[in-house]
Amino acid sequence: MRPRPPTARTRPRPSRPRPTRRARIRRRGSRGVLLAGATWALLLSGPLACADELASSPAGAGDAAHFALHAPAPAPDQPSAPDGPWFSDRTRAWGLVHRSVAGPTPQQGQGKRYLRDTVGQGVAVFDLDGDGRMELLFPQGQAQGEDGRDLLYLNTGEGLTERGLELGFDSYGYSFGALAFDYDSDGDEDVFITRLGADQLFANDGGRLRDVTAEHPGLAGPAQEWSSGAAAGDVDGDGDLDLYVARYCAQDYAALDAQGLIPLMGCLVPAGPGGLPPQADRFFRNTGAPNWRLEPHTEAAGFAAPEASYGFQPTFTDVDDDGDLDLYVTNDSVFNFLFMNDGDGRFVESALRAGVACGKRGQMEAGMGLTVSDLDGDGLPELHVTNFSNQSNSLYHNETRTPDEPWFEELSDAMGTGRPSWFHLAWGTNFADFDADGSVDLFVANGHVFHQVEGCAPERIAYRQPNQVFRGQGARFEDWSARAGAVITGRASHRGSASVDLDQDGDLDLVINRLDEPPVLALNESPAPGHWVMLDVRRRLVPGGALVLATGAKLHLSAGELRASRELYRGSSFLSCEDPRLHFGLGEHTRVDQLRLALPGLAPVTLSELPVDQLLRVIIEADGSARWEPGS
């Protein structure tokens, strides 16, 4: 590991005048701010309130009384799309024909009787062979009691073809999540698969995958433990990527069979996660060159401090814009986690005091998926967390003003995303500027966890649900789902999702996994899109070394009056991993005036006058200097 520059943590924080958009959020969202203030009062005594919520909800869903008490009025009908849908269905045309496997289907035998068969899978997006086109990786579960084979689709530029076994991806098991990250810093991304059972790491050797799990003692984990989502980031600024693995709950099948299904909202559904033993998350520190070992480091890094929880999706992000990566983790039915980095790779759990542990009323919620983005151009990331039906999805607006003192306001109602989410059970979620107008939009993948709710739950709770698209409109989001197209609003039990420019046309498409059905490929056809720029950000760790994906980089862009920032994440949405290239919508702006790059362990660097409507490769050299060149 390379030593961390002593000035990385102590450099002065850049001055940022508060954008006028935030003032508009405060004016329009006064009710939401008052709710958030009430939430803080509840959070101070939160463990008792949240414990009561959990005790009444074995599946983290609340009960019929809670539903009736808090359900909002139905949202008004949306106008039809005047200019055609935003997305078109290209699933079969591009060759995605496999069925996502997760135990018995609802129609087989007694249907799904274990929680493991209801959670579903994510999707990973990465460039396997360095040709500039994004591949897709789909984890699989079990079918008819036999392990499924995880699937790897190569992108030919005209379609997708499954080539996993041919390329060394011999990956079998009850898989859930997939993460692409360059653990050995050789310039191509490797693959980590999370499972109920032994996890697996594959090294990428120039476009072929090789199982290297055994080279990392402890990485696979115990055979009967359940890993869910994973995320990679450079937590100590030494240039190599460390790994966090969230874990869910124990599955004692004999005990579950003896217990049988349990009541929820008038239905009988599989037990869990409440009442099942939670399993502790794990963290692995990268030793760096020459061995590139991922070594267990959970306790030493501070991640063992909170109690074991039902973890789903971790994401590394610089919450307080102090130059190091913090970590947010969604947890099902218990407190979510926010781990703040002290600058040396040690973490302190801070979700409760930061206002992001619970929902707006101080109650524990069923944290599922997570997407992170700066919505107002101030360089501070907002968090969108998906939750259960009869729980609004949470939108935490970042109000942090001092490093290591995070503060958020829950503004889902004020910003227009809360009420429309009430009757849905949400999983994958993605912030992206789909129409390139300069405002970040939001996608949410919906579908109930239990097929048994059909016909017995409250009338507006369904197993197969439509997805949602919210268009960013300055201080608010507008529910744009009716304009998004049938590929978005078609009903299914959706799960993980990823935004990706799959067809290389400069706008962001969507890949959405579905339980017991083929995934969905929604190509972006948004009418009258704005200008854009997409950035493939690379770095060299040593002079003359490989160009490595700059995971953890934060980019601040200015174009005229537009201010925007993006971070390069590996691990997000729900058990998923998205396009590593950073996309900025620019609206009417025809030039990027300035681009400031910050990376853990390095001083910020600025580039000026970048062209638009193309992919650019941004290269950060080992000495900290930067340049750009046309991408491919």
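Starting from 1, residues in each chain are numbered consecutively following that chain's sequence as written. In keeping with the predicted nature of the model, local features appear solely for residues at pLDDT of at least 70, side-chain atom pairs appear and are counted solely at 80 or more, and the whole-chain, interface and lining totals rest on all residues. Neither water nor hydrogens contribute to the side-chain values; these are computed over all heavy atoms in the structure.

## Re the overall build of the chain
Counting its secondary structure elements, the chain contains nine helices and 42 strands. A burial count over the chain gives 65% of its 632 residues as buried. The contact criterion used throughout is that any non-hydrogen atoms of two residues lie within 4.5 Å. Across the chain, contacts joining residues at least 24 apart in sequence account for 63% of those joining residues at least 6 apart. Put simply, DSSP marks the helices as runs of H or I at least four residues long and the strands as runs of E at least two long, and each gets a number from the N terminus on. Only protein chains enter the calculation, and the probe is 1.4 Å; a residue is then buried if its accessible area is under 20% of its type maximum, exposed if over 50%, and partly exposed in between.

## Points about the side chain of serine 394
Position of serine 394 relative to the elements: it lies in strand β25 (residues 394-398). Classification of serine 394 as buried rests on a relative accessible area of 2%. A polar atom in the side chain of serine 394 sits 3.3 Å from the side chain of glutamate 365. Polar contact criterion, stated in full: a pair of N or O atoms within 3.5 Å, where within protein one must be able to donate a hydrogen and the other to accept it, and residues adjacent in sequence count only if both atoms are side-chain atoms.

## Concerning the environment of glutamine 279
With respect to the element layout, glutamine 279 can be found in the loop between β16 (267-269) and β17 (282-286). C-alpha of glutamine 279 to C-alpha of serine 227: the two residues are 52 residues apart in sequence and 8.7 Å apart in space. With sequence-adjacent residues up to four places away left out, glutamine 279 is seen in contact with Gln224, Glu225, Trp226, Arg247, Tyr248, Cys249, Ala250, Ala308 and Ser309. Looking at glutamine 279, its side chain comes within polar contact range of the main-chain nitrogen of tryptophan 226, at 2.8 Å.

## Describing the sheet that holds strand β36 (residues 554-559)
Pairing between strands is defined by DSSP: at least two bridges between the two strands are required. Strand order in the open sheet made by the four strands is β37-β36-β39-β40, with antiparallel pairing throughout. Strands at the two margins of the open sheet, each flanked by one partner only, are β37 (562-567) and β40 (602-610). Going from strand to strand, the sheet's axes swing by 15° on average, the running direction of each strand aside. With six bridges connecting them, strand β39 (residues 592-599) and β40 associate as antiparallel partners. The partner of leucine 595 across the bridge, within β40, is leucine 607. Interaxial angle, 0 to 180 degrees, is taken between N-to-C directions of lines fitted to C-alpha atoms, where a helix line uses only the stretch in contact.

## Here we look at the sheet that holds strand β12 (residues 209-211)
Strand order in the open sheet formed by four strands is β9-β10-β11-β12, with antiparallel pairing between adjacent strands. The sheet is open, and its two borders are formed by β9 (175-181) and β12, each paired with just one other strand. Across the sheet, the mean angle from the axis of one strand to that of its neighbour is 25°, orientation sign disregarded. Looking at chain direction, strand β11 (residues 200-204) and β12 are connected through three bridges and run antiparallel. Its bridge partner being in β12, asparagine 204 is matched across the sheet by leucine 209.

## Some remarks on the pairing of strand β14 (residues 242-247)
Burial analysis of β14 places six of its six residues in the buried class, the great majority of the element. Going residue by residue along β14, you find Asp242, Tyr244 and Ala246 tucked away on one face and Leu243, Val245 and Arg247 tucked away on the opposite face as well. Of the strand pairs in this sheet, strand β13 (residues 227-233) and β14 are connected by five bridges, and their pairing is antiparallel. The partner of serine 227 across the bridge, within β14, is arginine 247. As paired elements, β14 and β17 share three bridges and run antiparallel to each other. Within the sheet, the bridge partner assigned to valine 245 lies in β17 and is arginine 282.

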